[in-house]
Amino acid sequence: MSYLINALLLLLILTSTSVVLTRTPRRQGLAMAANGCVLSALFMTLQAPDVAFSEIVVGTVALPLFFYTALSGLRTGPRSDPEAAPLKDHNPS
Amino acid sequence: MTHFPYFVAVWLFAIGVVGIVRSRDYVQLIACLTVIQSATYVLLLAIGYKVHAGAPIFSDHPVGSPAVDPVVQALVLTDIVVGAAVTALLLSLVIQLRKRRGTIAPDTLQPMSD
Amino acid sequence: MTHRTRTTVLVFLLLLLVPLAVSGLTRLPAFGHYQGPYGDVINTITVHARHVTNMVSAVNYDIRGFDTLGEEFLLMSAVTGVAMLLRGGRGEATSARPTRVLRRRREGRSEAITGIGRLLAPITLLYGIYIIVHAQLTPGGGFQGGVIVFAAALLVYFGEGYASWRKTVRSTMLTLGETLGAAIYLCSGLYPLLSGAAFLQNTLPLGQIGTITSGGSIPIINLGVGCAVAAGFCSIALELLEETRLP
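Residues numbered from 1 in each chain as written. Chains lettered and ligands numbered in written order. Predicted model: local features only at pLDDT ≥ 70, side-chain atom pairs only at ≥ 80, totals over all residues.

Points about the overall build of chain A
Here comes step 1: Looking only at helices and strands, one finds 3 helices and 0 strands in chain A.
Here comes step 2: From first element to last, N terminus to C terminus, chain A shows the α and β order α-α-α.
Here comes step 3: Buried positions account for 45% of the 93 residues belonging to chain A.
Here comes step 4: If you take every contact in chain A between residues at least 6 apart in sequence, the share linking residues at least 24 apart comes to 48%. (Helix = DSSP H or I, 4+ residues; strand = E, 2+ residues; numbered from the N terminus. Buried ≥ 20, exposed ≤ 12 C-beta atoms within 10 Å, placed from the backbone. Contact = placed C-beta atoms within 7 Å.)

As structure tokens, then:
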């Protein structure tokens, strides 16, 4: 089975380099998800099913979700002046 | 090759550091930080691997059958979950930074003076 | 420090440190020839010492249970930090009610996504609970099952929309779930002290190998960790999603 492990390691090099070299944030989230998939396949072939469980959900779903939500929050939040008063409560009461 | 996974871990670490130095805003920096974290996972799991050995689960194999090391797997699996929570904390720091300073590019942010 | 200075320092340091790392790592035993004694010892004795068949769970929650207690509190601190930063930035009101954004351009959610969400969310929730409960028998545990339950909650969000999701998943219940998880872990650590044993020692009856109740305190700790992880990740997602709703 060493061919499988070596092939997955080469694929991992490709996907992690793509995470670093992608410039658009929208594509970088998808590259992170692909990286998570390849990592979890590698962990399965290294006979670590528990670790592959964690990595599938975290690397493919949770991390890109936090990433995209933070990007969306960065675009909708107000830009504040550093010397201005602190932000007021936005929830309508 | 006998040491190939270790070299892959070094490559992941190096490319993550290159990404951090070359990043143009803090959100890309956090994505490169997750690449660095995955380098440690690969290194730890590669250390514990044995050829022709199975997973350390003995529900269907008898107890004496060869199995890989469970200690490094226990380390990595809690690390993955907690690493995601810490990444979320870093992202919320970036959101606060944007609110206070109006920008998230590391090149334009100067340290606080006065 | 300008961009160019940073890049030159980086190239210099990489040329210095990468050969050092490679030469150090080639002195490790070859890949696939693990030599250390502890893995083999644990694989040999734990099945009969603790009546469990998943060695990784036994290491996580029994043999090295103190480290996992620290990791769970790390998770709680990260979730508290996210809540403090984002709620503090929005104002002092809690996020008990969802912010309604008026006059926002909304594209309708397609029915396929709603159908997939409604079909898969209960199945994923059941699968996550199964993974938490069978921690000591098959691959799984509190951490893995907790994030799978979080994925089920996310499927509800994708299928139904933010307002319906907030009605299902309330932030007070999430806080309760997290503290319940930490309390279960601490209580199962303090309980052995009553009978004179050490903190977190496994003193409950070990049961029969292969049943759900085997392993003593391992299934109880797993339930706590699963609760805490699922509630913690849902809290993080709730705070981050609430952040995108500012007018």
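Some thoughts on the overall build of chain B
Here comes step 1: The secondary structure content of chain B amounts to 3 helices and 0 strands.
Here comes step 2: Secondary structure elements of chain B, listed N to C terminal, follow the sequence α-α-α.
Here comes step 3: Against the globule reference of 13 Å for 114 residues, chain B gives a C-alpha radius of gyration of 20 Å, more extended than a compact globule.
Here comes step 4: A principal-axis box enclosing the C-alpha atoms of chain B has dimensions of 65 × 30 × 20 Å.
Here comes step 5: A burial count over chain B gives 52% of its 114 residues as buried. (Rg over C-alpha atoms; globule rule 2.2 N^0.38 Å.)

As for the nonpolar core
Here comes step 1: The biggest cluster of nonpolar side chains holds 118 residues, and the ones touching the most others in it are Ala 62 of chain A, Leu 45 of chain B together with Val 147 and Phe 150 of chain C.
Here comes step 2: Counting residues per element, this core draws most heavily on helix H9 (residues 218–243) of chain C, which supplies 16 residues. (Core = buried A, V, L, I, M, F, W, Y, C linked by C-beta atoms within 7 Å.)

With respect to the interface of chain C and chain B
Here comes step 1: Taken together, the 51 residues of chain C in the interface contact 40 residues of chain B.
Here comes step 2: Counting only elements with at least two residues in the side of chain C that touches chain B, the list comes to helix H1 (3–25), helix H2 (37–50), helix H3 (55–63), helix H4 (65–90), helix H6 (142–160) and H9 of chain C.
Here comes step 3: Considering each element in turn, the side of chain C that touches chain B owes the most residues, 11 residues, to H4 of chain C.
Here comes step 4: Among the residues making up the side of chain C that touches chain B, the classes are represented as 30 nonpolar, 17 polar and 4 charged. (Nonpolar A, V, L, I, M, F, W, Y, C, P; charged D, E, K, R; others polar.)

What about the packing of helix H2 (residues 25–45) of chain A against helix H2 (residues 26–47) of chain B?
In helix packing, the relevant descriptors are the interaxial angle and the interaxial distance, both defined with respect to the helix axes.
Here comes step 1: The contact between H2 of chain A and H2 of chain B brings their axes to 11 Å, and the two run at 5°. Comparing the axis directions of H2 of chain A and H2 of chain B gives the class roughly parallel. Each of Pro 25, Gln 28, Met 32, Leu 39 and Phe 43 of chain A in H2 of chain A lies in contact with H2 of chain B, whose residues at this interface are Val 27, Gln 28, Ala 31, Thr 34, Ser 38 and Leu 45 of chain B.
Here comes step 2: The residue makeup of the contact of H2 of chain A with H2 of chain B, split by class, is 7 nonpolar, 4 polar and no charged. (Axes fitted to C-alpha atoms, helices over the stretch in contact; angles between N-to-C directions. Parallel < 35°, antiparallel > 145°, perpendicular 65-115°, else oblique.)

Brief notes about the confidence of the model for chain B
Here comes step 1: Per-chain confidence: chain B averages 90 in pLDDT, with 97% of residues scoring 70 or above.
Here comes step 2: In the predicted assembly, ipTM is 0.90 and pTM is 0.90. (pLDDT = per-residue confidence, 0-100.)

Describing unusual backbone geometry
All names here are of chain C.
Here comes step 1: In this structure, His 51 takes a positive phi of about 60° despite not being glycine.
Here comes step 2: Tracing the chain through its elements places His 51 in the loop between H2 and H3.
Here comes step 3: Exposure remark for His 51: the 21 C-beta atoms within 10 Å place this residue in the buried category.
Here comes step 4: Even without being a glycine, Leu 200 presents a positive backbone phi close to 65°.
Here comes step 5: Tracing the backbone shows Leu 200 in the loop between helix H8 (171–194) and H9.

Observations concerning the environment of Ser 92 of chain B
Here comes step 1: Relative to the elements of secondary structure, Ser 92 of chain B occurs in helix H3 (residues 70–101).
Here comes step 2: Taking C-alpha positions, Ser 92 of chain B is 25 Å from Tyr 41 of chain B, a pair spaced 51 residues apart along the chain.
Here comes step 3: Setting aside chain neighbours within four positions, we find Ser 92 of chain B in contact with Val 82, Leu 85 and Leu 86 of chain C.

Some points on the environment of Ala 41 of chain A
Here comes step 1: Within the secondary structure layout, Ala 41 of chain A lies in helix H2.
Here comes step 2: Spatially, the C-alpha atom of Ala 41 of chain A lies 22 Å from that of Phe 67 of chain A, the residues being 26 residues apart in sequence.

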